[in-house]
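Overview (structure and organization)
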Amino acid sequence: MTIVVGYDGTDYSMQALDWAMDEAEYRHAPLLVAHAWHWPYEPGDDLGRDSLRRAAEHVLWHGADCARNCTTGLTVDSDLREGPAAEHLIELSRAADLVVVGSRGLRALVRTMIGSVADRVVTHARSPVIVVRGAGAVPRRPDPGPIVAAVAGHDDPADDHVLEFACREASMRGLPLVVAQAWQYPVGASSLIQPGPLGEEVLGPVTEAWRTKYPEVEITHLLEEGPVPDVLTRLSATATLLVVGAARSPGPLGRIGSVTRPVLHRATCPIAVVRGTR
């Protein structure tokens, strides 16, 4: 399987490339650097169209060359297509282990991501997608934060896909894993007379099998009161990666879902969106 990264020469796509190189090296997988271009004017200006295509070739060459020069023993290929960038990445996701995309960050996307490349890829990709925000290289913190996996509980089958992805990331990166679930008191209930549930009691059965499969990963549980988007946004402030599930089938909000979408808009760390079926 291949790690696919969307690259267009911008600072935020450089950060996505940096993350994708790490993923490819950790997974011992080839890296495919993808770029798309389109001619926005009426047909007829062949000279201008050819110039734009050559510029796109140069952008793609730059990304692939950076990957080859910054890694050792990594197989790096490139893929140039004419057409919408999101559709290009969605098509490539069918045969990919993972797609990595960059986004401009909260200032540009805080109101809505509809229409952006990142949003469309996350909504329609067949593979897991990691959205990396910011500009420049991924910072190498001396004390990187944990991988955070958001689970729904209640025997939700999507939790296994989220935990499998999160455990693998934690194992590859040598980081602890925090399995988090948000909860709220029923409307009208008083927290003074209704104690909150304990994380170990609720989440212990959810992670038991994964502790056995990944004994090298330190797994802790966090059960926090509050709306899911608020809780996960707070946790993203100190996390290396936040892993969330996607809707199992398309609905009114696409394949992201009513919970995952606001988390995508507000999380401050890279966020992986994992779906259960390809």
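Quick summary incoming for the structure in this document. (Residues numbered from 1 in each chain as written. Predicted model: local features only at pLDDT ≥ 70, side-chain atom pairs only at ≥ 80, totals over all residues. Heavy atoms only, no water.)

1. Some thoughts on the overall build of the protein
When helices and strands are counted, the protein shows nine helices and ten strands. Expressed as a percentage of the 278 residues in the protein, the buried residues total 51%. Within the protein, contacts between residues at least 6 apart in sequence are counted, and of these 77% link residues at least 24 apart. Total accessible area on the protein stands at roughly 13,700 Å², and carbon and sulfur atoms take up 54% of it. (Helix = DSSP H or I, 4+ residues; strand = E, 2+ residues; numbered from the N terminus. Buried < 20%, exposed > 50% of the residue type's maximum accessible area, 1.4 Å probe, protein only. Contact = heavy atoms within 4.5 Å. Areas by Shrake-Rupley, 256 points an atom, 1.4 Å probe, with all protein chains shown as cover.)

2. With respect to the pairing of strand β7 (residues 177-183)
Of all seven residues in β7, seven are buried, a share of seventy percent or more. Residues of β7 alternate between two faces, with Leu177, Val179, Gln181 and Trp183 on one and Val178, Ala180 and Ala182 on the opposite face, all of them buried. Sheet topology note: the strand β6 (residues 147-150)/β7 ladder contains four bridges and is parallel. The partner of Ala150 across the bridge, within β7, is Ala180. (Pairing = 2+ DSSP bridges.)

3. A word on the packing of helix α3 (residues 85-93) against helix α5 (residues 117-124)
Helix-helix packing: each pair is described by the crossing angle between the helix axes and the interaxial distance. Taken N-terminus to C-terminus, the directions of α3 and α5 make an angle of 30 degrees; their axes are 9 Å apart at the nearest point. Taken together, the axes of α3 and α5 lie roughly parallel to each other. The two elements α3 and α5 meet at a crossing, and its hand is right-handed. Contacts between α3 and α5 pair Ala85, Ala86, Glu87, Leu89 and Ile90 from the former with Val117, Arg120, Val121 and His124 from the latter. Among the residues making up the contact of α3 with α5, the classes are represented as six nonpolar, one polar and two charged. (Axes fitted to C-alpha atoms, helices over the stretch in contact; angles between N-to-C directions. Parallel < 35°, antiparallel > 145°, perpendicular 65-115°, else oblique. Left-handed = near helix turned anticlockwise from the far one by under 90°. Nonpolar A, V, L, I, M, F, W, Y, C, P; charged D, E, K, R; others polar.)

4. Let's talk about α3
Of all the positions in α3, only Ala86, His88, Leu89, Ile90, Leu92 and Ser93 are classed as buried. Considering only its buried residues, α3 is in contact with β1 (2-6), β2 (31-37), β3 (76-82), β4 (96-103) and α5.

5. Thoughts on the packing of helix α1 (residues 11-27) against helix α6 (residues 158-173)
Direction vectors running N to C along α1 and α6 enclose 85 degrees, while the axes themselves pass 10 Å from each other. In this view, α1 runs roughly perpendicular relative to α6, as classed from their interaxial angle. Contact with α1, carried on its side by Trp19, Asp22, Glu23, Tyr26 and Arg27, involves Phe165, Arg168, Glu169, Met172 and Arg173 of α6 and no other residues of that element. A per-class count over the contact of α1 with α6 returns four nonpolar, no polar and six charged.

6. Notes on the nonpolar core
Counting 45 residues, the largest nonpolar core has Leu17, Leu31, Val100, Leu177 and Val243 as its most contacted members. Core analysis: the second largest hydrophobic core is formed by 34 residues, Val4, Val129, Val131 and Leu264 among them. (Core = buried A, V, L, I, M, F, W, Y, C linked by side-chain atoms within 4.5 Å.)

7. Description of the sheet that holds strand β9 (residues 241-245)
Note: strands within a sheet are paired through backbone hydrogen bonds, in either parallel or antiparallel orientation. In space, the ten strands of this open sheet follow the order β3-β2-β1-β4-β5-β10-β9-β6-β7-β8, with mixed pairing throughout. Here the strands that pair on one side only, and so sit at the sheet edges, are β3 and β8 (219-225). With strand direction ignored, the average angle separating the axes of adjacent strands in the sheet is 25 degrees. Relative to β2, β1 is paired through four bridges, and the arrangement is parallel. Paired with Gly6 across the bridge in β2 is Ala34. Sheet contacts for helix α2 (residues 46-70): β2 and β3; angle to β2, the most-contacted strand, approximately 160 degrees. The strands touched by α5 are β4, β5 (129-133) and β10 (271-274); relative to β4, the strand with the most contacts, the crossing angle is about 155 degrees.

8. A closer look at unusual backbone geometry
Notably, His28 is not glycine yet its phi reads approximately 55 degrees, a positive angle. Within the secondary structure layout, His28 lies in the loop between α1 and β2.

9. Notes on the pattern of salt bridges
Counted under the stated rule, the structure contains 15 salt bridges. Among the ionic pairs, Glu57 bridges to Arg53, the shortest N-O distance being 2.5 Å. Here Glu57 and its partner Arg53 are both found in helix α2, four residues apart, which amounts to about one turn of the helix. Here Glu57 falls in the partly exposed class, since its relative accessible area comes to 36%. On the accessibility criterion, Arg53 (30% relative accessible area) is partly exposed. Across the pair Arg81 and Asp79 runs a salt bridge whose closest N-O atoms are separated by 2.8 Å. Residue Asp79 is classed as buried on the basis of its relative accessible area of 15%. (Salt bridge = Lys/Arg side-chain N within 4 Å of Asp/Glu carboxyl O.)

10. What about the environment of Arg27?
Summarising the element assignment, Arg27 is placed in helix α1. Judged by its relative accessible area of 10%, Arg27 falls in the buried class. Taking C-alpha positions, Arg27 is 9.0 Å from Ile3, a pair spaced 24 residues apart along the chain. Leave out the neighbours within four places in its chain, and Arg27 touches Ile3, Asp97, Leu98, Phe165, Arg168, Glu169 and Met172. Within the structure, Arg27 has its side chain in polar contact with the side chain of Glu23 (distance 2.8 Å). (Polar contact = N/O pair within 3.5 Å; in protein donor to acceptor, adjacent residues only side chain to side chain.)

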